[in-house]
Amino acid sequence: MSDQPSSYRPGRHFLQIPGPTNVPDRILRAMDRPTIDHRGPEFAALGLECLEGIKAVFQTTSGQVFIYPASGTGGWEAAIVNTLSPGDHVLMFETGHFSTLWRVVADRFGLVVDYVAGDWRHGIDPAVVERKLAADSGHAIKAVMCVHSETSTGVASRIGEVRAAMNKVGHPALLMVDAVSSLASMDLRHDEWQIDVTVAGSQKGLMLPPGLSFNAVSAKALAASKQARLPRAFWSWDDMIPQNRNGFFPYTPATNLLYGLREAIQMIVREEGLPNIFRRHARHAEAARRAVRGWGLELVCLEPREYSNAVTAVLLPDGINEAAFRQVVLKEYDLSLGAGLSKLAGRVFRIGHLGSFNDLMLCGTLCGVEMGLAKFGVPHRKGGVAAALEYLSS
Ligand code: PLP
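Below is a short write-up of the structure. Worth saying up front: this structure is predicted, and the values here are computed from it rather than measured.

### Let's talk about the packing of helix α10 (residues 274-294) against helix α12 (residues 359-376)
1) Next: Packing of α10 against α12 brings their axes to within 11 Å, and their N-to-C directions diverge by 20°. Of the possible angle classes, the one that applies to α10 and α12 is roughly parallel. Handedness of the α10/α12 crossing: right-handed. The residues of α12 that touch α10, namely those facing R283, H284, A287, A288 and A291, are D359, L362 and L366.
2) Next: Tallied by class, residues from the contact of α10 with α12 come to five nonpolar, one polar and two charged.

Okay, here's the thing in structure tokens:
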């Protein structure tokens, strides 16, 4: 017998970062097909099915959804270049790493960003939205741009209340929402909240590999795009519209990801159903938070009304390095946890509990964290997993 270390890891890897998420075997099988002619009749049927079917996931009937072969960042850019002009004023909110990155995109296109400072532990304050817009009597602000679920902090902003604040003061700005980590895991109502552009990606609640991004677009945003003067080529909605009408795209689409998307829509809309999906995510998120409290650790999110049901961000005690902790968890238990991002690097790890996920996957994840806390010598209480189990089985 040799005592050579094993280069094979038996069992399944636990991918519990908040996206990319676990891709169900069923979706992998759906994509495992020959790539077809993207100008042919078979593709047209697939394209139409995806373009029409995805609307229900955004809870829109009046909106139009554009699908790009891109990541979420491309969706951000598409939202901006199709609706705005150089020098336009926009209102954005510092909720965390991703709002900061979206702001950088806005800056690079020459927008004038009023970036409302935040502590990365709270969501957008609808009262601030109301105050800022009420003060803008000349309607210089052309868009209010919000991240729904801030994946870096586990804080979710109350978009319905942001919309109510905009309506209360009768301000005509567009409402743009990043739903990259909330779509198909948390209630996101494109029509009811009168969102003008909802940005999303394939690799989170939709349970697909990375590679697709989305703009769900209102009639008001489409009208704005006719006047907007930022240059656009790849992202142009105008180029998409005539092609999409027949199920086609202006350039080579991500054909095999669209096979996967068709399967995901079937699973989300017709089999599990959005209300069940939202309840499942809420239940798993609550169990994860109970585990964190059971360990005596602190959640990044300070406002219970703003808990994200997609991801839980956890502060480690002073002196404990998050990256080194996650490294031990990966090595010992084959469990990937989310890193602390930018300002939170070194201090915060994140548990992703979105997408294709069930009770036992959550239990395994929380067990991996609890064993990792002990192994790495993080000061904590036992009993986090027990608290989660009690909640899940009650
Ligand atoms: N917005 C949010 C909320 C995200 O979580 C992410 C990525 O995790 C992005 C935007 C950027 O998306 P991508 O990395 O796919 O470009």
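Next comes the rest of the account.
### Re the pairing of strand β3 (residues 89-93)
1) Next: Burial analysis of β3 places four of its five residues in the buried class, which makes it a mostly covered element.
2) Next: For the crossover from β3 across helix α4 (residues 97-108) to strand β4 (residues 112-116), the handedness is right-handed.
3) Next: Judged from the four bridges that link them, β3 and strand β5 (residues 141-147) form a sheet pairing that is parallel. Bridge pairing links H89 to I141 in β5.

### Topic: the site of the ligand
1) Next: Taken together, the residues surrounding the ligand are S71, G72, T73, W76, F98, S149, T151, D178, V180, Q203 and K204.
2) Next: One of the side-chain nitrogen or oxygen atoms of T151 is found 2.5 Å away from an oxygen atom of the ligand.
3) Next: At 2.6 Å, a side-chain N or O of K204 approaches an oxygen atom of the ligand.
4) Next: Within the complex, 86% of the 390 Å² of free accessible area of the ligand lies under protein.
5) Next: Looking at the shell around the ligand, its residues break down into three nonpolar, six polar and two charged.

### Side note on the packing of aromatic side chains
1) Next: The full count for this structure, using the stated rule, is eleven aromatic pairs.
2) Next: Measuring from centroid to centroid gives 4.7 Å for F234 and W235, while their planes differ by 90°, and the two rings are edge-to-face.
3) Next: Residues F234 and Y251 carry aromatic rings whose centres are separated by 4.4 Å and whose planes lie at 10° to one another, so their mutual orientation is stacked. In this pair, F234 is assigned in the loop between α7 (219-227) and α8 (237-244) and Y251 in the loop between α8 and α9 (255-272), connecting sequence segments 17 residues apart.
4) Next: Residue F234 is classed as partly exposed on the basis of its relative accessible area, which comes to 34%.
5) Next: Ring pairs connect the aromatic residues Y68, F234, W235 and Y251, which therefore count as one cluster.
6) Next: A cation over a ring is seen here: R33 above Y259, with NZ or CZ 4.5 Å from the ring centre.

### Examining the state of the cysteines
What makes a disulfide is a covalent bond joining the sulfur atoms belonging to two cysteines.
1) Next: Per the stated rule, a full pass over the model turns up zero disulfides.
2) Next: The thiol of C363 is unpaired, and the distance to the nearest cysteine sulfur, on C367, comes to 6.6 Å.
3) Next: On the basis of relative accessibility, which here comes to 31%, the residue C367 falls in the partly exposed class.

### Regarding α7
1) Next: A221, L222, A224 and S225 are the residues of α7 that are buried. Down the axis, α7 shows its buried residues gathered within 160° of arc, on one side only. Exposed side chains of α7 directed beyond 90 degrees from the buried face belong to A219, K226 and Q227.
2) Next: As for α7, its buried residues are in contact with β2 (64-68), α3 (72-83), β8 (174-178), β9 (197-201), β10 (213-217) and α8.

What counts and what doesn't
- Every residue gets a number counted from 1 within its own chain, in the order that chain's sequence is written.
- Totals for whole chains, interfaces and linings use all residues, but because this is a predicted model, local features are given only for residues with pLDDT of at least 70 and pairs of side-chain atoms are given and counted only at 80 or more.
- Based on all heavy atoms of the structure, the side-chain values leave hydrogens and waters out of the count.
- Think of each axis as a best-fit line through the C-alpha atoms, taken over the contacting stretch in the case of a helix, with angles from 0 to 180 degrees between the N-to-C directions.
- For helices the rule is a DSSP run of H or I covering at least 4 residues; for strands it is a run of E covering at least 2, with both sets numbered from the N terminus onward.
- Should an angle lie under 35 degrees it is considered roughly parallel, over 145 roughly antiparallel, and from 65 to 115 roughly perpendicular; all remaining angles are considered oblique.
- Note on convention: the crossing is left-handed when the near helix lies turned anticlockwise from the far helix by less than a right angle, right-handed when the turn is clockwise.
- We call two residues contacting when some pair of their heavy atoms lies within 4.5 Å.
- Amino acids outside the nonpolar list (Ala, Val, Leu, Ile, Met, Phe, Trp, Tyr, Cys, Pro) and the charged list (Asp, Glu, Lys, Arg) are all regarded as polar, and Gly is one of them.
- Think of it in three bands: with a 1.4 Å probe and only protein chains considered, a residue is buried below 20% of the maximum accessible area for its type, exposed above 50%, and partly exposed in between.
- By convention a crossover is right-handed if, when the strands point away from the viewer, the path from the first strand over the helix to the second runs clockwise.
- At least two DSSP bridges between two strands are needed for those strands to be called paired.
- To be near a molecule or strand, a residue needs just one of its heavy atoms within 4 Å of it.
- Side-chain atoms alone can form a polar contact between residues adjacent in sequence; in general such a contact is a pair of N or O atoms within 3.5 Å, and within protein one must be able to donate a hydrogen while the other accepts it.
- What sets the accessible areas is the Shrake-Rupley method with a 1.4 Å probe; for residues, cover comes only from the shown protein chains.
- Pairs were defined over the aromatic rings of Phe, Tyr and Trp, the Trp ring being its six-membered one, requiring ring centres within 6.5 Å. Orientation was assigned from the angle between planes: stacked under 30 degrees, edge-to-face over 60, tilted for the rest.
- By definition here, charges over rings are those cases where NZ of Lys or CZ of Arg is within 6 Å of the ring centre and within 35 degrees of the ring normal.
- Only a pair of cysteine sulfur atoms within 2.5 Å counts as a disulfide in this structure description.
- To obtain the arc, one takes the directions from the helix axis to the C-beta atoms.

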